[in-house]
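Each chain, written out:
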Amino acid sequence: MEKLSVDAICNKIRAEETFHAVSDDYAFTLKIDNYVHYVCAAVHDGHEFRKSLWEKCLHSEYDRWYEEDPETKTMIQSHPIVIAGRDSRFEYDLNRFPEEAVFETAWGKQLWREPLSVEEKNISLQKHKNFYKVVNTLISKLEEKFGVCIVYDMHSYNWQRWEREVPTWNLGTTNVDNSRFGDLIEDWRKDLERVELPYGIKKTAKINDTFYGNGYFLRYITNTFSNTLVLATEIAKVYCDEYQQIIYPEVVEAVESQLKILIPEHAKHFYNRFKA
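Below, the structure is looked at part by part. Note that this is a predicted model, so its numbers are computed, not measured. (Residues numbered from 1 in each chain as written. Predicted model: local features only at pLDDT ≥ 70, side-chain atom pairs only at ≥ 80, totals over all residues. Heavy atoms only, no water.)

1. A closer look at the sheet that holds strand 9 (residues 169-172)
One open sheet holds the nine strands; their spatial order is 1-2-3-5-4-8-11-9-10, and the pairing between them is mixed. Where the open sheet ends on each side, the last strands, each with one partner, are strand 1 (2-4) and strand 10 (205-207). Ignoring strand direction, the axes of neighbouring strands in this sheet form an average angle of 20°. Strand direction decides the pairing type here: strand 4 (residues 38-42) and strand 8 (residues 149-157), joined by four bridges, are parallel. Bridge pairing links Tyr38 to Ile150 in strand 8. Across the face of the sheet, helix 4 (residues 118-146) comes into contact with strand 3 (28-32), strand 4, strand 5 (81-85), strand 8 and strand 11 (228-236) while running at roughly 15° to strand 3. Here helix 7 (residues 249-274) sits on the sheet and contacts strand 4, strand 8, strand 9 and strand 11; the angle it forms with strand 8, its principal contact strand, is near 150°. (Pairing = 2+ DSSP bridges. Helix = DSSP H or I, 4+ residues; strand = E, 2+ residues; numbered from the N terminus. Axes fitted to C-alpha atoms, helices over the stretch in contact; angles between N-to-C directions. Contact = heavy atoms within 4.5 Å.)

Written out as structure tokens, the structure reads:
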């Protein structure tokens, strides 16, 4: 993996070079093994938290981990194009609009002992801006090359704090073109319902049951590009103990091994349906 500037990453994409890179501020990674018509993303996978913020933050390391999406990059790591955040959403949230990306409160609790300086905020917001510069270049290249593109936007959520039964998988679709892509969305829901997990973990997948696809990543791509579908795909954190901070690697591996098959199949169906 190379450490590259954002401009160098964008230039490699425009030249259709294959590469594995970490941004020179270590904020995100991008690997491109082959130029295909689909992208896998894990914008909340990151847990890094820059040292200058440690003493200023009221939330513990566990508090941050609990609200992040650990292992979502691992679940999609085998695919040809994978982009993933490395920084914690508590520093800045890649799935929020820039003006909301640096939290003042987080999940009902004040985040900082005292308000962050403009300088501290600007460091974080520049990382947010850099990430979306690369996203723009990447989707532009793929739409130019293939005419259409599909993005599997992987997230996880804390199912145990819900007071009702919730699905193992949730798709958020309120901000995509359901009249155009509805059949493909339903196909993806059915695919997820086929995923076999250890220990009798239930096989349920619903649309807009727990989350609705309101994230900035989905909305930015959807509003910027006319032929790209983003599928905000949430897995309940059945792959870990939310309260003990223990990952179950055998469950993560089961998800990864099945998505390795399901995602390319679904992406191929999408391309055959919507290519020009």
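2. A short note on the packing of aromatic side chains
Under the defined criterion, the tally for this structure stands at 24 aromatic pairs. In textbook terms, an aromatic cluster arises when at least three aromatic residues are bridged by ring pairs, as seen for Phe28, Phe97, Phe131, Tyr132, Tyr216, Phe217 and Tyr220. The ring of Phe49 carries the charged tip of Arg64 above its face, separated from the ring centre by 4.2 Å. Over the ring of Tyr66 we find Lys237; its NZ or CZ atom is 5.8 Å from the centre of that ring. (Phe/Tyr/Trp six-rings, centres within 6.5 Å; stacked < 30°, edge-to-face > 60°. Lys NZ or Arg CZ within 6 Å of the ring centre and 35° of its normal.)

3. With respect to the pattern of salt bridges
A full pass over the atoms with the stated rule returns 23 salt bridges. Asp209 is the partner of Arg164 in a salt bridge, and the nearest nitrogen-oxygen pair spans 3.0 Å. Of the two residues, Arg164 sits in the loop between strand 8 and strand 9 while Asp209 sits in the loop between strand 10 and helix 6 (216-224), which places them 45 residues apart along the sequence. A salt bridge links Arg273 to Asp183, with the shortest nitrogen-to-oxygen separation between them at 3.6 Å. Of this pair, Arg273 sits in helix 7 while Asp183 is found in helix 5 (residues 178-193), placing the two residues 90 residues apart along the sequence. According to the relative accessible area criterion, Arg273 is partly exposed, its value standing at 41%. (Salt bridge = Lys/Arg side-chain N within 4 Å of Asp/Glu carboxyl O. Buried < 20%, exposed > 50% of the residue type's maximum accessible area, 1.4 Å probe, protein only.)

4. Regarding the packing of helix 1 (residues 6-14) against helix 4
Where helix 1 contacts helix 4, the axes come no closer than 9 Å and their chain directions differ by 5°. Regarding the angle of helix 1 to helix 4, the classification is roughly parallel. On helix 4, the residues touching Val6, Asp7, Ile9, Cys10, Ile13 and Arg14 of helix 1 are Asn130, Lys133, Val134, Thr137, Leu138 and Lys141. Taken together, the residues that form the contact of helix 1 with helix 4 break down as six nonpolar, two polar and four charged. (Parallel < 35°, antiparallel > 145°, perpendicular 65-115°, else oblique. Nonpolar A, V, L, I, M, F, W, Y, C, P; charged D, E, K, R; others polar.)

5. Comments concerning helix 5
Taking 1.5 Å of rise per residue, 16 residues should cover 22 Å, yet helix 5 covers just 20 Å from first to last C-alpha, more than 12% shy of that figure. Remark: the principal bend of helix 5, roughly 30°, maps to Leu184. Turning to helix 5, its buried residues number three or more, namely Phe181, Leu184, Ile185, Trp188, Arg189, Asp191 and Leu192. (Expected span 1.5 Å × (residues − 1). Bend = angle between axes of the 7 residues up to and from the residue.)

6. Description of the side chain of Glu234
For Glu234, the location among the structural elements is in strand 11. Residues in contact with Glu234, not counting those within four places in the same chain, are His155, Ser156, Tyr157, Thr168, Trp169, Asn170 and Phe211.

7. Remarks on the pairing of strand 4
The element strand 4 is largely enclosed, with a buried count of five among its five residues. The alternating pattern of strand 4 places Tyr38, Cys40 and Ala42 and Val39 and Ala41 on opposite faces, both of which are buried. Where strand 4 and strand 5 come together, three bridges link them in parallel fashion. Across the sheet, the residue bridging to Ala42 is Ala84, located in strand 5.

8. A look at the packing of helix 4 against helix 6
With their axes 11 Å apart at the nearest point, helix 4 and helix 6 run at an angle of 45° to one another. Between helix 4 and helix 6, the crossing angle belongs to the class labelled oblique. Considering how the two elements wind past one another, helix 4 and helix 6 form a crossing that is right-handed. Mapping the contact onto sequence places His128, Phe131, Tyr132, Val135, Asn136 and Ile139 in helix 4 and Tyr216, Phe217, Tyr220, Ile221 and Thr224 in helix 6. For the contact of helix 4 with helix 6, the class distribution of residues is eight nonpolar, three polar and no charged. (Left-handed = near helix turned anticlockwise from the far one by under 90°.)

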